[in-house]
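The primary structure of each chain is shown beneath.
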Amino acid sequence: MSTNPSREPGLSIRPDTMWLAGILRADQIRRDTLVSLVATWGDDEAREDILLQLDALAEAVASPREGELDHLIGAVEDAAAMDDAEVRIDLAAALRLRAELDAVIETLGRFNPAAVARPVALPRRQDRRAS
């Protein structure tokens, strides 16, 4: 496991150890997934369906065919009545993530700075009316 320089590593973006890709970490999605699974687990009928879907997924993991894992993961999510894997981000987190992403982009583009240069921003419509 690598060191994460973020003030909030549970929701962060950092370069991988080789500096070839960025890694997005969103622990809240894992937490919500497990809580959703356990919440449905209390219903005996739902538990049986979840177990059947997990067994099918376990068999497929051994020798997956194209598209099979996505389908079986979807079946587990349906059986457990899981919501979409989303994280709500407020302005403070969005600004922090933008700064982290900018740092990752700079690292990834170290050999091709022209590819990662930000385009010159044109004035927004309301700014043009004011002048």
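Shown above is the structure to which this text applies.
**Q** Sorry if this is basic, but what is going on with the nonpolar core here?
**A** Considering soluble globular proteins, one finds that nonpolar side chains tend to be buried as a cluster. Of all hydrophobic cores here, the largest spans six residues; its members are Leu11, Ile13, Ala26, Ala93, Leu97 and Val104. Contributions of two or more residues to this core are made by β1 (11-15) and α4 (91-108).

**Q** Would you explain unusual backbone geometry in this entry?
**A** Keep in mind that most residues, glycine aside, have a negative phi and that most peptide bonds are trans. Residue Trp19 is not a glycine yet carries a positive backbone phi of 60°. Relative to the helices and strands, Trp19 is located in the loop between β1 and β2 (22-26). What makes Trp19 partly exposed here is its relative accessible area of 45%. Of note, Ala81 is a non-glycine position whose phi angle comes to about 55°, a positive value.

**Q** Would you mind going over a nonpolar patch on the surface with me for this structure?
**A** A contiguous nonpolar surface patch, about 310 Å² in accessible area, is contributed by Val38, Trp41, Leu51 and Leu54. Where the nonpolar patch is concerned, the elements lending two or more residues are α1 (27-41) and α2 (44-62). The topology assignment puts Leu51 in helix α2.

**Q** Whenever I open this one, the pattern of salt bridges confuses me. Can you help?
**A** Enumeration according to the criterion identifies seven salt bridges in this entry. Salt-bridge contacts for Asp32 lead to Arg31; the nearest nitrogen and oxygen are separated by 3.8 Å. Glu68 is the salt-bridge partner of Arg65, the closest N and O atoms lying 3.3 Å from each other. Residue Arg65 is classed as exposed on the basis of its relative accessible area of 60%. Within this structure, Glu8, Arg96 and Glu100 form a network of salt bridges that share partners.

Rules used in this analysis
Residues numbered from 1 in each chain as written. Predicted model: local features only at pLDDT ≥ 70, side-chain atom pairs only at ≥ 80, totals over all residues. Heavy atoms only, no water. Core = buried A, V, L, I, M, F, W, Y, C linked by side-chain atoms within 4.5 Å. Buried < 20%, exposed > 50% of the residue type's maximum accessible area, 1.4 Å probe, protein only. Helix = DSSP H or I, 4+ residues; strand = E, 2+ residues; numbered from the N terminus. Patch = residues over 30% accessible without salt bridge, like charges linked within 9 Å, V, L, I, M, F, W, Y side chains within 5 Å. Areas by Shrake-Rupley, 256 points an atom, 1.4 Å probe, with all protein chains shown as cover. Salt bridge = Lys/Arg side-chain N within 4 Å of Asp/Glu carboxyl O.

Without other data, these values stay purely geometric and don't point to any function.
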